[in-house]
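Report on the structure
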Amino acid sequence: MIRIFAPLAFLMMALALTRPAAATEITEIRVVGGGEYTQIALAADGPIEHEAFFISDENGRTVDLALPNAFVGADADTPLPTGAVDAYEITDGEILFRLSQPMMVSRALPIGPTTSDPRHRLVVDLVRVAPVRFDRAAEDDVARRLEFLSDAAPPSAARDLDAESPKAAGNDQYVVVIDPGHGGHDPGASSRNKTREKDIVLKTSLLLKQELEREGRYKVFLTREDDTYIDHEDRVTMARNWGADLFISVHADAAGNSSVSGATVYTLSARGERRVEGTARTNGWDLPIEDGTTQEVSGILADLIKRETKSNSSIFAELLIPELAKAGPIVRNSHRQENFFVLLAPDVPAALVEIGFLTNTSDVQRLSSEDGRLKTASAIARGIDAYFARRDVFFAAN
């Protein structure tokens, strides 16, 4: 692969002819790095407006730095890249950085002129990530990038780009899997008036599905939609087969003290983490690591995936708790860790939500009413919205 995809002087002059006189001229492109980190640094004669996108296609993985009001000057300093960037392609309004390994933007920092350097600069830091994380981000970015290019394109070109956008076809939805606990021969907890956990959580989960599908942003699956028992390993397998971006298991609790009330959110404990690898092997939950990767690198990538899954699970729990508090009481120390089987998927962020105590009269009254269940379902939906909104912001690379 050549380092610049056209004779540099000819390309720069051709592109410069298409730019308005007020456009910012980029005078330097430097790419340096190695190992886990790579840095892209641009210098220009004015502020550098930018947007970053991720691309994964037949050409490999690419970081696309869109520069709507800038062009690369014919005499720009463009030394060969190092680090995780094999080559870069300069086009009208974009620089496409071809990656040798999956990297994502951890920071994009604009720097104004200083006494020692009168130029404007843009520093973009890339950090190594698991392939599955990059590819999911790239899938999300397809519609976002086409929309951005459509806004920047002439009207006729914009219409063509809109026709190609998968957003119009609904292909940009996040996949959320809701797991109503227990079912069938396993009723779960019961209240004094014979209210059963399996019924309460199913009704709440169906309302949650309804709330999420109203927005059109999510593709929602339930592990059960009737009074059926599903083995724990099958619940997790179903979520992975559906390509879940988030897994929520819905339960109701019980306690020896009837005064205990409120919701609790559980994510995987340290003890549970030690079970992940063996459980994944037993159930065939293979991680999406590319064929041909060495055993050593595969181990590193697997650890990255599991660490990211744990981190995202905790982020979701922390965003969910304040929303649950708006719908009813929550217990003290409401984010807890436990060794629950349904939280063991190595690559699906997951939480188990106890929506209340069936041993508490107030909680039973709240969860036995349509209004109470709807408030709980709406709170969980808002937590899910907050989680994916945060993910969108991160993937937008500042």
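Above: the structure in question.
It should be emphasised that the depicted structure is a prediction, and the values quoted were computed from it without experimental measurement.

Criteria and thresholds
- Residues numbered from 1 in each chain as written.
- Predicted model: local features only at pLDDT ≥ 70, side-chain atom pairs only at ≥ 80, totals over all residues.
- Heavy atoms only, no water.
- Helix = DSSP H or I, 4+ residues; strand = E, 2+ residues; numbered from the N terminus.
- Buried < 20%, exposed > 50% of the residue type's maximum accessible area, 1.4 Å probe, protein only.
- Contact = heavy atoms within 4.5 Å.
- Pairing = 2+ DSSP bridges.
- Axes fitted to C-alpha atoms, helices over the stretch in contact; angles between N-to-C directions.
- Salt bridge = Lys/Arg side-chain N within 4 Å of Asp/Glu carboxyl O.
- Lys, Arg positive; Asp, Glu negative; His and termini not counted.
- Core = buried A, V, L, I, M, F, W, Y, C linked by side-chain atoms within 4.5 Å.

1. Digging into the environment of Thr 309
On the secondary structure map, Thr 309 appears in helix α7 (residues 295–327). Take Thr 309: its relative accessible area is 8%, and that puts it in the buried class. As a C-alpha pair, Thr 309 and Asp 347 span 38 residues in sequence and 5.6 Å in three-dimensional space. Discounting residues that sit within four places of it in the chain, Thr 309 has contacts with Ala 345, Pro 346, Asp 347, Val 348 and Pro 349.

2. Remarks on the pairing of strand β12 (residues 246–253)
Two faces make up the sheet, and in a regular strand the side chains alternate between them. Of all the eight residues making up β12, eight are buried; the element is thus mostly covered by neighbouring parts of the structure. The alternating pattern of β12 places Leu 246, Ile 248, Val 250 and Ala 252 and Phe 247, Ser 249, His 251 and Asp 253 on opposite faces, both of which are buried. Sheet topology places β12 next to strand β15 (residues 350–357); six bridges connect them, and they run parallel. Counterpart to Ser 249 in the pairing with β15 is Leu 352.

3. Focus: the sheet that holds strand β7 (residues 94–99)
Ordered by their spatial adjacency, four strands build an open sheet running β3-β4-β7-β6, and the pairing between neighbours is antiparallel. The outermost strands of the open sheet, each flanked by one partner alone, are β3 (51–57) and β6 (85–91). Shown here is a sheet whose adjacent strand axes are inclined to one another by a mean of 20°, direction ignored. Taken together, the five bridges between strand β4 (residues 60–66) and β7 define a ladder with antiparallel strand orientation. Pairing of Ala 66 across the sheet is with Glu 94, part of β7.

4. Things to note about the sheet that holds strand β8 (residues 103–111)
One open sheet accounts for five strands, arranged β5-β1-β2-β9-β8; its pairing is mixed. Two strands in the sheet have a free side with no partner beyond their single neighbour: β5 (70–77) and β8. Ignoring which end each strand starts from, the neighbouring axes of this sheet average 30° apart. As paired strands, strand β2 (residues 37–44) and strand β9 (residues 120–128) are joined by eight bridges and run antiparallel to one another. Following the sheet pairing, Ala 44 is matched in β9 by His 120.

5. Some words on the pattern of salt bridges
Any two side chains of opposite charge can pair, so long as their charged atoms come close to each other. Scanning the model with the defined rule gives 27 salt bridges in all. The partner of Asp 125 in a salt bridge is Arg 107, and the shortest N-O contact between them spans 2.8 Å. Linking Asp 125 in strand β9 with Arg 107 in strand β8, this pair joins segments that are 18 residues apart in sequence. Residue classification places Asp 125 among the buried positions, given a relative accessible area of 15%. Looking at Arg 107, the relative accessible area reads 36%, which means it is partly exposed. Measuring nitrogen to oxygen at the nearest pair gives 3.1 Å for the salt bridge that ties Arg 196 to Asp 199. Among the charged side chains, a salt-bridge network with shared partners connects Glu 28, Arg 30, Asp 77, Asp 117, Arg 119 and Arg 121.

6. Quick word on the side chain of Asp 253
With respect to the element layout, Asp 253 can be found in strand β12. Summary of buried charges: Asp 253 has no salt-bridge partner, and the nearest side chain of opposite charge, Arg 336, is 6.4 Å away. In contact with Asp 253, other than residues within four places in its own chain, are Ala 189, Tyr 266, Glu 354, Gly 356, Phe 357, Leu 358 and Thr 359.

7. Observations regarding the environment of Val 276
Counting through the fold element by element, Val 276 comes out in helix α6 (residues 270–283). Relative accessible area serves as the criterion here: at 6%, Val 276 is assigned to the buried category. When sequence neighbours within four positions are dropped, the list of residues in contact with Val 276 reads Leu 268, Lys 306, Leu 344 and Pro 346.

8. Brief notes about the nonpolar core
Formed by 38 residues in total, the largest nonpolar core has its most connected members in Leu 212 and Ile 384. If we skip the residues at most four places from it in the chain, Leu 212 touches Val 176, Ile 178, Tyr 218, Val 220, Ala 381 and Ile 384. If you look at the next biggest cluster of nonpolar residues, it comprises 33 residues, including Ile 29, Leu 67, Val 72 and Ile 95.

Purely geometric stuff here, so don't read any function into it on its own.
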